[in-house]
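Fold and geometry: a report
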Amino acid sequence: MFNLILFGPPGSGKGTQSERLVEKYGLVHLSTGNLLREEISQKTPLGLEAKSFMDKGQLVPDEVVIGMVDSYFDKHKEAKGFLFDGFPRTVAQAVALDKLLELKKTEITSVLALEVGEEELVKRLLNRGKTSGRSDDTNEEVIRKRFFVYSNETTPVAEHYKKARKFHPIKGEGTVDDIFSAISDAINKKLR
Ligand code: B4P
């Protein structure tokens, strides 16, 4: 199996690049953000709980997210590989993911990290907020809170994969096409 993590701060282009990558490499897309928004739109109890965290720019509790990922695996037993987008976001999630993959006799192949400056990120998210209807994208205070949470809770996840020599930074500023081709080059090297 080929299992890729697309890593990076909010608005770094994970969702944008993932859509193209799953098509090119035939991977199953696992975006915890999308799964949570789906639960919210269906007004499930999980969705209602998640919304209260997401609206404030906070992370949804680990056990909720990990349970959701576990049941997603159950629904995609035939997958040739996964593209993890926005997951793991805490070290506890990374450790849980390692264990879940071990049960499937596989592991993370590579972590590609999109690097983008904070002012560019704010600009992108506020811009998306104008059309997306996402409440976490319309308020600059909530956006700044998401960066704070990213630097405190998600940055340590990078260390987890650096230790395992799986972490590869990618320049995340420039055109969507240029970034896609830099990511594809990094993947192709791994596939060789
Ligand atoms: P996510 O849905 O993961 O979204 P994101 O981090 O906001 O954005 P992403 O990086 O995917 O940005 P995109 O490509 O869309 O998370 C939302 C929330 O869900 C979190 O804050 C958290 O509360 C919760 N959550 C999710 N996963 C969780 C987990 N594992 N644990 C706990 N909580 C979790 O790009 C953004 C914008 O930039 C778009 O408008 C796009 O068009 C634009 N853009 C992209 N590439 C560009 C480029 N090269 N140039 C200019 N603009 C670009």
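Before going into details, it helps to say that this report is about the structure given with it. The shown structure was predicted, so the numbers you read here are calculated from the model rather than taken from an experiment. Along every chain, residues carry numbers that run from 1 in the direction the sequence is written. Residues qualify for local features only when their pLDDT is at least 70, as the model is predicted, and side-chain atom pairs are given and counted only at 80 or more; totals for whole chains, interfaces and linings, by contrast, use all residues. Computation of side-chain values covers all heavy atoms of the structure but excludes hydrogens and water.

**Structural notes on the site of the ligand**
Think of it this way: one heavy atom of a residue within 4 Å of a molecule or strand is enough to make that residue near it. Around the ligand, 29 residues are found, and the nearest of them are Thr-32, Arg-37, Gln-58, Arg-128 and Arg-146. At a separation of 2.9 Å, an oxygen atom of the ligand approaches a polar backbone atom of Gly-15. Any pair of nitrogen or oxygen atoms within 3.5 Å is treated as a polar contact; in protein, a donor-acceptor pairing is required on top of that, and neighbouring residues in sequence qualify only through side-chain atoms on both sides. The contact in question runs from an oxygen atom of the ligand to an N or O atom on the side chain of Arg-37, over 2.8 Å. Note that accessible areas follow from Shrake-Rupley with a 1.4 Å probe, and for residues the cover is restricted to the protein chains shown. The protein chains hide 87% of the 1,000 Å² of surface that the ligand would expose on its own. For the shell around the ligand, the secondary-structure elements that each account for two or more residues are helix H1 (14-25), helix H2 (32-41), helix H6 (118-132) and helix H8 (176-191). Only DSSP runs of H or I reaching four residues or more are called helices, and only runs of E reaching two or more are called strands; each is numbered from the N terminus. Ranked by residue count, the leading element in the shell around the ligand is H2, at four residues.

**Things to note about the nonpolar core**
The nonpolar core is taken to be a set of buried Ala, Val, Leu, Ile, Met, Phe, Trp, Tyr and Cys residues, with the residues joined through side-chain atoms within 4.5 Å. Think of it in three bands: residues with accessible area under 20% of the maximum for their type are buried, residues over 50% are exposed, and the middle band is partly exposed, with areas taken using a 1.4 Å probe on protein chains only. The biggest cluster of nonpolar side chains holds 30 residues, and the ones touching the most others in it are Ile-5, Phe-7, Phe-73, Phe-84, Leu-97, Ile-108 and Tyr-161. Going through the elements one at a time, strand S1 (4-7), strand S2 (28-31), helix H3 (45-54), helix H4 (62-75), strand S3 (82-85), helix H5 (91-103), strand S4 (110-115) and helix H7 (140-163) are the ones with two or more residues in this core. When checking whether two residues touch, look at their non-hydrogen atoms; a contact exists if any pair is within 4.5 Å. If we skip the residues at most four places from it in the chain, Phe-73 touches Leu-30, Phe-82, Phe-84, Leu-97, Leu-100, Leu-101 and Lys-104. Ranked by size, the runner-up nonpolar core spans 16 residues in total, among them Leu-4, Leu-21, Leu-112 and Ile-170.

**Overview of the pattern of salt bridges**
We define a salt bridge as a contact between a side-chain nitrogen of Lys or Arg and a carboxyl oxygen of Asp or Glu at a distance within 4 Å. Under the defined criterion, the tally for this structure stands at 14 salt bridges. Here Arg-146 ties to Asp-137 by a salt bridge, and the two come within 2.9 Å at their closest N and O atoms. For Arg-146, a relative accessible area of 11% gives the class buried. For Asp-137, a relative accessible area of 0% corresponds to the buried category. Within this structure, Arg-128, Arg-134, Asp-136, Asp-137 and Arg-146 form a network of salt bridges that share partners.

**Thoughts on the side chain of Asn-3**
Residue position: Asn-3 is located in the segment before S1. Of the polar contacts made by the side chain of Asn-3, one reaches the backbone oxygen of Glu-107; its length is 2.9 Å. Among residues more than four places away in sequence, those in contact with Asn-3 are Gly-81, Phe-82, Phe-84, Leu-101, Thr-106, Glu-107, Ile-108, Thr-109 and Ser-110.

**Description of the sheet that holds S3**
For two strands to count as paired, DSSP must find a minimum of two bridges between them. The five strands are arranged S2-S3-S1-S4-S5 in an open sheet whose pairing can be described as parallel. Every other strand in the sheet has two partners, leaving S2 and strand S5 (167-171) as the edge strands with one partner each. Strand-to-strand, the axes of this sheet are offset by a mean angle of 20°, without reference to chain direction. Sheet analysis places S4 next to S5, joined by five bridges and oriented parallel. Of the residues in S5, the one forming a bridge with Ala-113 is Pro-169. Contacts from H8 reach S1, S4 and S5 within the one sheet, and its direction differs from that of S4 by about 160°. Simply put, an axis is a line fit to the C-alpha atoms, just over the touching stretch for a helix, and the angle between two N-to-C directions goes from 0 to 180 degrees.

Any link to function would need more than the numbers given here.
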